[in-house]
Amino acid sequence: MSHACDHHDHHHGLTADTKASRLAEAEALCADAGERMTTSRLRTYELILEASGPIKAYDVIDRFHPEGAAKPPTVYRALGFLEQMGLIHRIESLNAFVACHTRDHAHTAGFLLCECCGQSVEIAIPNTADIEASAARSHFQIKHITLEARGLCGACRGHN
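Before going into details, it helps to say that this report is about the structure given with it. (Residues numbered from 1 in each chain as written. Predicted model: local features only at pLDDT ≥ 70, side-chain atom pairs only at ≥ 80, totals over all residues. Heavy atoms only, no water.)

1. Section: the overall build of the protein
So, step 1. What the protein contains, in helices and strands, is 6 helices and 6 strands.
So, step 2. Going residue by residue from the N terminus, the α and β elements of the protein occur as α-α-β-α-α-β-β-β-β-α-β-α.
So, step 3. Residue burial in the protein is summarised as follows: out of 160 residues, 36% are buried.
So, step 4. Residue pairs at least 24 apart in sequence account for 55% of intrachain contacts in the protein once pairs closer than 6 positions are excluded. (Helix = DSSP H or I, 4+ residues; strand = E, 2+ residues; numbered from the N terminus. Buried < 20%, exposed > 50% of the residue type's maximum accessible area, 1.4 Å probe, protein only. Contact = heavy atoms within 4.5 Å.)

Below is the structure:
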C-alpha cells in the first residue's frame, strides 16, 4: 500500500528466519486441524508475512508469481482459508489483510492503524465479555467483532 508518509522508512517485514518459522508453524497448525496447506495457501501467507503493512488482495494477486499475477479465485480462496484458520486478519476499513501476530489463533483482535505511514499494530481487545453481554441484553447474536482505531504511530507523530 502506498501512503503519504515520506519522512522516514517504515519496514515492518519479518526476517528470513522468522518468516520460515511462521510458515512452518502455519503448516503444522493446518496439519493438526486435518487441513492441507496447499502451495497456493502457503504462497499467499508468505506474501502477507512479507508485506510491510496491510496488503490488499489485488496486491497479493499481482505478486503471487514472479512471471505474472495469479488467478483471483485462487488467491481469494486462500485468503478465506487463512482467515478461517486464524493465520491472518482482514482489516475491514482498508479491505486489506495482515498476518496474525499471536500464537493463540482463537482470539478477537483489534488494530491501531497509522493514517500517515499505514502501519498496523495488532492489539488484544479488552472486555469482549462486556460487548457480548450488551449484545445478549439486546437479543443480538455477535458473529464477528472488529475494532479499528485510527491515528498516528509514534514515529509519524514525531514528524507531524
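Having seen it, we continue.
2. A closer look at the sheet that holds strand E2 (residues 88-91)
So, step 1. Pairing is antiparallel across the open sheet formed by 3 strands, whose spatial order is E1-E3-E2. Sheet topology places strand E1 (55-56) and E2 at the edges, where each strand pairs with a single neighbour.
So, step 2. Pairing analysis gives 2 bridges linking E1 to strand E3 (residues 96-99), with the strands arranged antiparallel. For Lys-56, the partnering residue across the bridge sits in E3 and is Ala-96. (Pairing = 2+ DSSP bridges.)

3. So, helix H2 (residues 39-50)
So, step 1. End to end, H2 covers 16 Å across 12 residues, agreeing with the expected 16 Å (1.5 Å per residue, within 8%).
So, step 2. Within H2, the full set of buried residues consists of Thr-44, Tyr-45, Glu-46, Leu-47, Ile-48 and Leu-49. (Expected span 1.5 Å × (residues − 1).)

4. Quick look at the packing of H2 against helix H4 (residues 72-84)
So, step 1. Running from amino to carboxyl end, H2 crosses H4 at an angle of 75°, the nearest separation of the two axes being 9 Å. Classed by the angle they form, the pair H2 and H4 counts as roughly perpendicular. Across the interface between the two elements, Ser-40, Arg-41, Thr-44, Tyr-45 and Ile-48 of H2 pack against Thr-74, Val-75, Ala-78, Leu-79, Phe-81 and Leu-82 of H4.
So, step 2. Taken together, the residues of the contact of H2 with H4 sort by class into 7 nonpolar, 3 polar and 1 charged. (Axes fitted to C-alpha atoms, helices over the stretch in contact; angles between N-to-C directions. Parallel < 35°, antiparallel > 145°, perpendicular 65-115°, else oblique. Nonpolar A, V, L, I, M, F, W, Y, C, P; charged D, E, K, R; others polar.)

5. Some details on the sheet that holds strand E5 (residues 120-124)
So, step 1. On the basis of which strands lie adjacent, the open sheet formed by 3 strands has the order E5-E4-E6 and mixed pairing. Both outer strands of the open sheet, E5 and strand E6 (147-151), are each paired with one neighbouring strand and no more. Going across the sheet, the axis of each strand differs from the next one's by a mean of 25°, ignoring polarity.
So, step 2. Summarising the sheet, strand E4 (residues 109-114) and E6 pair through 5 bridges and their orientation is parallel.

6. Things to note about the pattern of salt bridges
So, step 1. A full pass over the atoms with the stated rule returns 4 salt bridges.
So, step 2. For Glu-92, the salt bridge is made with Arg-90, and the minimal N-O distance between the two is 2.5 Å.
So, step 3. Look at Arg-90 and you get partly exposed, because its relative accessible area is 26%.
So, step 4. Residues joined by salt bridges that share partners form a network here, namely Lys-19, Arg-43, Glu-46 and Glu-50. (Salt bridge = Lys/Arg side-chain N within 4 Å of Asp/Glu carboxyl O.)

7. Focus: the packing of aromatic side chains
So, step 1. Counting across every chain of the model gives 0 aromatic pairs.
So, step 2. Against the face of Phe-81 rests Arg-41, its NZ or CZ located 3.6 Å from the ring centre. (Phe/Tyr/Trp six-rings, centres within 6.5 Å; stacked < 30°, edge-to-face > 60°. Lys NZ or Arg CZ within 6 Å of the ring centre and 35° of its normal.)

8. A look at the nonpolar core
So, step 1. Membership of the largest hydrophobic core comes to 24 residues, with the highest contact counts inside it found for Tyr-45, Ile-48, Val-75, Leu-79, Leu-82, Leu-87 and Ile-88.
So, step 2. Of all the secondary structure elements, the ones that give two or more residues to this core are helix H1 (16-32), H2, helix H3 (57-63), H4 and E3.
So, step 3. With 7 residues, the next largest nonpolar core counts Ile-91, Ala-96, Ala-109 and Leu-113 among its residues. (Core = buried A, V, L, I, M, F, W, Y, C linked by side-chain atoms within 4.5 Å.)

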